[in-house]
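# Breakdown of the fold
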Amino acid sequence: MDLSYTPEEEEFRARLREWLGKVLPTLPPKPSPDDWPGRRAYDLGWQRMLHDAGYADVHWEGTPSVRLIFLEETEKAGAPYVGANFVGLLHAGPTIAAEGTPEQRARWLPPILRGEEVWCQGFSEPDAGSDLAALRTRARRDGDDYVVSGSKIWTSHAEVADWCELLVRTDPDAPRHKGISWLAMPMDAPGITVRPLRTLAGSAEFAEMFLDDVRVPVANRVGDENDGWRVTMVTLSFERGTAFVGEVVACRRVLGELAVAARRNGRWDDPALRRRLGRLNAEFRALWRLTQWNVSEAEASGGVPGVGGSVFKLRYSHARQELYDAAAQVLGPDSLDLERPWTLDRLSSLSYTIAAGTSQIQRNIVAERILGLPKGR
């Protein structure tokens, strides 16, 4: 395992850092969090800038180490996050790049990279969240189309998406994991109803989605029919592997800001708080090293993150929650003020032990696929 960077990778870091220093001061103000059309336009505009500068395909064509450097440097510089492009750039795009046909890659990847199309994720259902293989949304073959009926929930960015990475059941009689297919569904197809969901933090980046005899071309299936569970594991490996890298960098920055705030308001005198912040500092340093280990493993196995991403996701979810609990301790009564820094982040952190696979599911993956323990009954 090699956790160092090559001279070429360090040259990429220096070039990227110089470019960020030039372009970030030229960006327009960010739109309101509730202005999703505005946020979509802002995020796509940033993606177009990355494309024109030659950085758009880092997530797919770059080595895992280059992707790690890119996410680290953009977060440190305060560059815009992928935002509405999250699913396309970090989930659907890498999956299509790894599993799609040449025609599918030619159709869907360039518009994502150029900042022209947004994707959403249609995986979870009301009765198939943690137990994703229990999904019941049905796709019936009718000539050159699938006719899809069912519902999805927690559909990220559905209200502004052009495409949806959709899991459907194409063989209801097959074993649970064997009768699933992965489809690319156009969001302007007749029969789709999207209803935004408002989170505890007041945002509405999720939606419930209802599908009533939606026709999706068979040509939009990525992978073989009924092989969608394997394709989904590729998607989830990206979701749990490198997708949170920038957030680890952000958490380390917040930790430093918390220490400054605690010194300023006198709470630094509390030895328990100092120990807590010190332990969190060690925790996020370890998570960063774990990220590097996962990246090194991915490079050795062809670029797709492995099950080590579940170890990272499990520990990171809890560390993030503890970080913002510590922020509440530093802020004291001000932590109830939604206008104060870190308050909304604390609310959103509560979802991390659920999103992208619950902590219970991650523990099962670690137990079965890493430790070799028997499956639970």
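This report concerns the structure included in the present document. Computed from a predicted model, the values in this text were never measured in an experiment.

The N-to-C vectors of helix α5 (residues 86-99) and helix α6 (residues 102-113) enclose an angle of 160°; their axes lie 10 Å apart at closest approach. If you check the angle between α5 and α6, you find them roughly antiparallel. In this structure, α5 meets α6 at a crossing whose hand is left-handed. Contacts from G88, L89, G93, I96 and A97 in α5 reach Q104, R105, W108, L109, I112 and L113 in α6.

Let us look at α5. Across its 14 residues, α5 extends 19 Å between first and last C-alpha, which sits within 8% of the 20 Å expected from 1.5 Å per residue. At A92, α5 is bent by approximately 40°, the largest bend along its length, and proline P94 sits one to four residues beyond. Among the 14 residues that make up α5, 11 are buried, leaving the element largely enclosed by the rest of the structure. When we look at burial in α5, the residues that qualify are F86, V87, G88, L89, L90, H91, A92, G93, P94, T95 and I96.

Take the nonpolar core next. Ranked by size, the top nonpolar core spans 43 residues in total, and within it W46, F284 and L323 carry the most contacts. Contributing elements (two or more residues each) for this core: α1 (7-23), α2 (36-52), α4 (64-76), α8 (245-265), α9 (271-300) and α10 (308-331). For this core, the element with the most residues is α10, which contributes nine residues. Once you skip the residues sitting within four places of it in the chain, F284 turns out to touch V248, C251, R252, Y316, A319, R320 and L323.

Along an α-helix, residues three or four apart share an orientation, since each turn contains 3.6 residues. Here α1 spans 25 Å end to end across 17 residues, near enough to the 24 Å set by a 1.5 Å rise per residue. Every buried residue of α1 is accounted for by E9, F12, R13, L16, W19, L20 and V23. All buried residues of α1 project into a common sector of 135° when viewed along the axis, lining one side. In α1, the exposed positions that point more than 90 degrees away from the buried face belong to P7, G21 and K22.

Conventions we followed
Residues numbered from 1 in each chain as written. Predicted model: local features only at pLDDT ≥ 70, side-chain atom pairs only at ≥ 80, totals over all residues. Heavy atoms only, no water. Axes fitted to C-alpha atoms, helices over the stretch in contact; angles between N-to-C directions. Helix = DSSP H or I, 4+ residues; strand = E, 2+ residues; numbered from the N terminus. Parallel < 35°, antiparallel > 145°, perpendicular 65-115°, else oblique. Left-handed = near helix turned anticlockwise from the far one by under 90°. Contact = heavy atoms within 4.5 Å. Expected span 1.5 Å × (residues − 1). Bend = angle between axes of the 7 residues up to and from the residue. Buried < 20%, exposed > 50% of the residue type's maximum accessible area, 1.4 Å probe, protein only. Core = buried A, V, L, I, M, F, W, Y, C linked by side-chain atoms within 4.5 Å. Arc of directions from axis to C-beta.

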